[in-house]
Amino acid sequence: MTETELKNYIAAIRPADRDAMAAARQRQAQLAKPPGSLGALEDMSVRLAGVTGRVCPRMDKCRVAVFAADNGVVDEGVSCAPRSVTVQQAVNMTRRKTGMSAMAAAFGDDVAVVDVGMDCGTTPAGILNRRVRRSTGDIAIEDAMTRPQALAAMAAGMEQAAIARADGVTALGIGEMGIGNTSTSAAVLAVLTGAEIETVTGRGGGLTDRAFARKKDVLRTSVGRRPIRRDDAVDVLCAVGGLDIAAMTGAFLGCAHEGIPAAVDGFISVTAALCAVTLCPAVRDYLFLSHDSYEVGYRLAAERLGLEPCLHLGMRLGEGSGCPLLFRVMEGACGVMSGMATFAEAAIQDGYLDEIRAQDSFTVDRP
């Protein structure tokens, strides 16, 4: 993908359908329940209407797209796991033996695993080969990738969105597999937001105090190694990102381009989502946050997106593990819109609600 192609692709992305959202809000007001009693499910149903253009959207087929890549910064001792885990877990995903893929199998969701930069020989069977290079550079001493390589990884993500649309997928989750990618995500988030490394860096899969201090030192070096254009997410990805994050950024752009709701997983996924929104603000309309990640930087990224996660489960696995759970919440929101009776259909006169609709009649002040 060229710079011009990226620019044209972004220009083709449109905001959510505001007329469909208005009609969905009107239907919510007519459903036989106290106003606002389904809370975030009501907001979700309205947003899904805007994405799909349908007042009563459906969740018929869900898929998690996982982008796998290795990271050169692992050589700096920032991870407790060896890089060999990346390819092994990517293979295990195809066998439905990881946390995310086991949940997806239980719910009947598709899983697509894409190699965009694993540090191994031949891409294993069952994994789509879109490898840009074997691993990234060590961001403490060099750029993670070149700009053409970043664009190529983004194109792989866009491709998955296009395939999902062609396959009739109604919600696409965006996940990852890459040892060391909490480090690259923290670096990307620090540059995008101007935050201090301490406020965005967690212990990932687990680190001793000494290794955690080392991780933060490495990331300070990485973000200060050269000037990075904060307003250019592609430059940020080139300097301190990962091929997985770049591909996920492309996938989020792709979901907006194809009109598909995008399920955002945890820290790595939400950082990629912020990259996509930095490139194209309209992408925000298509994003649905799954769970409140345990990683310390997650909350900042979510706040910058202006979105709230649906689930609070203390999860920190990654892989796209929050997506199969979010799909079920989406199904519930859609089910209410299409299956719940209106006051008229339920033969209920709703005039008794007029007075309480005129004010907040439900909040109780807490002492």
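The sections below set out a description of the structure shown in this document. (Residues numbered from 1 in each chain as written. Predicted model: local features only at pLDDT ≥ 70, side-chain atom pairs only at ≥ 80, totals over all residues. Heavy atoms only, no water.)

1. Things to note about the overall build of the protein chain
Point 1. When helices and strands are counted, the protein chain shows 15 helices and six strands.
Point 2. In terms of overall size, the protein chain behaves like a compact globule, its C-alpha atoms giving a radius of gyration of 21 Å where 367 residues would be expected to give roughly 21 Å.
Point 3. Projecting the C-alpha coordinates of the protein chain onto the three principal axes gives extents of approximately 70 × 50 × 40 Å.
Point 4. Across the 367 residues that make up the protein chain, the buried fraction comes to 55%.
Point 5. In the protein chain, the share of contacts with a sequence separation of at least 24, taken over all contacts with a separation of at least 6, comes to 74%.
Point 6. When the accessible area of the protein chain is evaluated, it comes to approximately 15,000 Å², of which 51% is carbon and sulfur surface.
Point 7. The average position of the 38 basic charges and that of the 43 acidic charges among the side chains of the protein chain differ by 3 Å. (Helix = DSSP H or I, 4+ residues; strand = E, 2+ residues; numbered from the N terminus. Rg over C-alpha atoms; globule rule 2.2 N^0.38 Å. Buried < 20%, exposed > 50% of the residue type's maximum accessible area, 1.4 Å probe, protein only. Contact = heavy atoms within 4.5 Å. Areas by Shrake-Rupley, 256 points an atom, 1.4 Å probe, with all protein chains shown as cover. Lys, Arg positive; Asp, Glu negative; His and termini not counted. Charge placed at Lys NZ, Arg CZ, Asp CG, Glu CD.)

2. Observations regarding the layout of surface pockets
Point 1. Considered as a void within the structure, the largest pocket measures approximately 540 Å³ in volume.
Point 2. Contributing to the lining of the largest pocket are 31 residues, with Asn181, Thr182, Gly204, Gly205 and Leu317 lying nearest its centre.
Point 3. It is helix H7 (residues 181-193) that contributes the most residues to the lining of the largest pocket, three residues altogether.
Point 4. Its residues placed into classes, the lining of the largest pocket shows 10 nonpolar, 14 polar and seven charged.
Point 5. The calculated volume of the second largest pocket comes to roughly 240 Å³.
Point 6. For the second largest pocket, the full set of lining residues is Met21, Arg25, Gln28, Ala29, Lys33, Pro35, Gly36, Glu42, Asp43, Val46, Arg47 and Arg357.
Point 7. Mapped by element, the contributors of at least two residues to the lining of the second largest pocket are helix H2 (18-30) and helix H3 (40-52).
Point 8. Counted by class, the lining of the second largest pocket contains four nonpolar, two polar and six charged residues. (1 Å grid on protein atoms, 1.4 Å probe; cavity = no way out; pocket = protein on both sides within 12 Å on 5 of 7 lines; lining within 4 Å. Points joined across faces, edges and corners; volume = space filled by probe spheres on them. Nonpolar A, V, L, I, M, F, W, Y, C, P; charged D, E, K, R; others polar.)

3. Re the pattern of salt bridges
Point 1. Summed over the entire model, instances satisfying the criterion amount to 28 salt bridges.
Point 2. Among the salt bridges present, the one from Lys61 reaches Asp110, with a minimum N-O distance of 3.9 Å. Placement of Lys61 in the loop between H3 and strand E1 (62-69) and of Asp110 in strand E2 (residues 110-117) is noted, with a sequence separation of 49 residues between them.
Point 3. Among the residues examined, Lys61 registers a relative accessible area of 29% and is labelled partly exposed.
Point 4. Here Arg225 ties to Asp143 by a salt bridge, and the two come within 2.8 Å at their closest N and O atoms. Separated by 82 residues along the polypeptide, Arg225 in the loop between helix H9 (209-224) and helix H10 (233-240) and Asp143 in the loop between strand E3 (128-129) and helix H6 (147-166) bring together distant segments of the chain. (Salt bridge = Lys/Arg side-chain N within 4 Å of Asp/Glu carboxyl O.)

4. Here's the deal with the nonpolar core
Point 1. One finds Phe252, Leu253, Val283 and Leu287 to be the most contacted residues of the largest nonpolar core, which totals 109 residues.
Point 2. With 10 residues, helix H11 (residues 243-258) is the single largest residue contributor to this core.
Point 3. When residues no more than four places from it in sequence are discounted, the contact partners of Leu253 are Leu6, Tyr9, Ile10, Ile13, Met154, Met158, Ala276, Leu279, Cys280 and Val283.
Point 4. Counting eight residues, the second-largest nonpolar core is a separate cluster that includes Ala16, Val46, Ala49 and Val336. (Core = buried A, V, L, I, M, F, W, Y, C linked by side-chain atoms within 4.5 Å.)

5. What to know about the side chain of Thr342
Point 1. Along the chain, Thr342 falls in the loop between helix H14 (322-339) and helix H15 (354-357).
Point 2. Assessed through its relative accessible area of 9%, Thr342 is described here as buried.
Point 3. Here Thr342 is in contact with Arg27, Gln30, Leu31 and Ala32, once residues within four sequence places are set aside.

6. Let's talk about the environment of Leu287
Point 1. Secondary-structure assignment places Leu287 in strand E6 (residues 287-289).
Point 2. The spacing of Leu287 and Cys255 is 32 residues in sequence and 8.8 Å in space, taken between C-alpha atoms.

7. Comments concerning the packing of aromatic side chains
Point 1. Counted according to the given criterion, the structure contains zero aromatic pairs.
Point 2. Across from the ring centre of Phe212, 4.1 Å away, lies the NZ or CZ of Lys216, which sits over that ring. (Phe/Tyr/Trp six-rings, centres within 6.5 Å; stacked < 30°, edge-to-face > 60°. Lys NZ or Arg CZ within 6 Å of the ring centre and 35° of its normal.)

8. Structural notes on the pairing of E1
Point 1. Extensive coverage of E1 is indicated by the burial of eight of its eight residues.
Point 2. Along E1, one buried face is formed by Cys62, Val64, Val66 and Ala68 and the opposite face, lined by Arg63, Ala65, Phe67 and Ala69, is buried too.
Point 3. Both E1 and strand E4 (residues 171-177) contribute to a ladder of seven bridges, which runs parallel. Within E4, the residue paired with Cys62 across the bridge is Ala171. (Pairing = 2+ DSSP bridges.)

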